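Listed below are the residues making up each chain.
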Amino acid sequence: MRTDHSHKILHLVSLVPYGCVVSYGQLADLAGLPGRARLVGRTLRVHNTEQLPWHRVVAANGRLSLPKGSPALNEQRQRLISEGVTFKGNAITGACVAMTKHQWQPDLGAILMLFDG
């Protein structure tokens, strides 16, 4: 069952552009749910995100949050690489998305208009 919060979160995920990433916390803030990054993660986990660019959601430091070695983590990494997203670090220290280069900076006025009314 989709709540108003989950609807906002999933809609925002659908707006993240190709080649960009957004953090769980940033997504929560954009949805009007400051401090609710875990709610964003839970929403992505329990809803069907197959048709959404779920792979563009990462931790605030750029880390991929899925379990190490999991097929989903490998899929997320490969999808991001195919979009031209670059990583810093290495496999041993844990590669992170170069957030300064790839973090989505949406027009907040446009985002707010989507949820007005």
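Predicted model only: the values in this text are computed from it and were never measured.

A. Seen up close, the pattern of salt bridges. As enumerated under the stated definition, the model contains 3 salt bridges in all. Note that glutamate 83 and arginine 56 form a salt bridge whose closest N and O atoms lie 2.8 Å from each other. Linking glutamate 83 in the loop between helix 4 (71–82) and strand 3 (87–88) with arginine 56 in the loop between helix 3 (37–46) and strand 2 (57–58), this pair joins segments that are 27 residues apart in sequence. As far as burial versus exposure is concerned, glutamate 83 and arginine 56 are alike and both buried. Here glutamate 75 and arginine 79 are joined by a salt bridge, their closest N and O atoms 2.9 Å apart. Placement of the pair is glutamate 75 and arginine 79 together in helix 4, with a separation of 4 residues, close to one helical turn. Using a relative accessible area of 36% as the deciding quantity, one classes glutamate 75 as partly exposed.

B. Expanded view of the side chain of histidine 55. By the secondary structure assignment, histidine 55 is in the loop between helix 3 and strand 2. For histidine 55, a relative accessible area of 5% gives the class buried. Within the structure, the side chain of histidine 55 is placed 2.7 Å from the side chain of glutamate 83, a separation counted as a polar contact. Setting aside its immediate chain neighbours within four residues, histidine 55 contacts Gln76, Arg79, Leu80 and Glu83.

Quick notes on the rules
Residues numbered from 1 in each chain as written. Predicted model: local features only at pLDDT ≥ 70, side-chain atom pairs only at ≥ 80, totals over all residues. Heavy atoms only, no water. Salt bridge = Lys/Arg side-chain N within 4 Å of Asp/Glu carboxyl O. Helix = DSSP H or I, 4+ residues; strand = E, 2+ residues; numbered from the N terminus. Buried < 20%, exposed > 50% of the residue type's maximum accessible area, 1.4 Å probe, protein only. Polar contact = N/O pair within 3.5 Å; in protein donor to acceptor, adjacent residues only side chain to side chain. Contact = heavy atoms within 4.5 Å.

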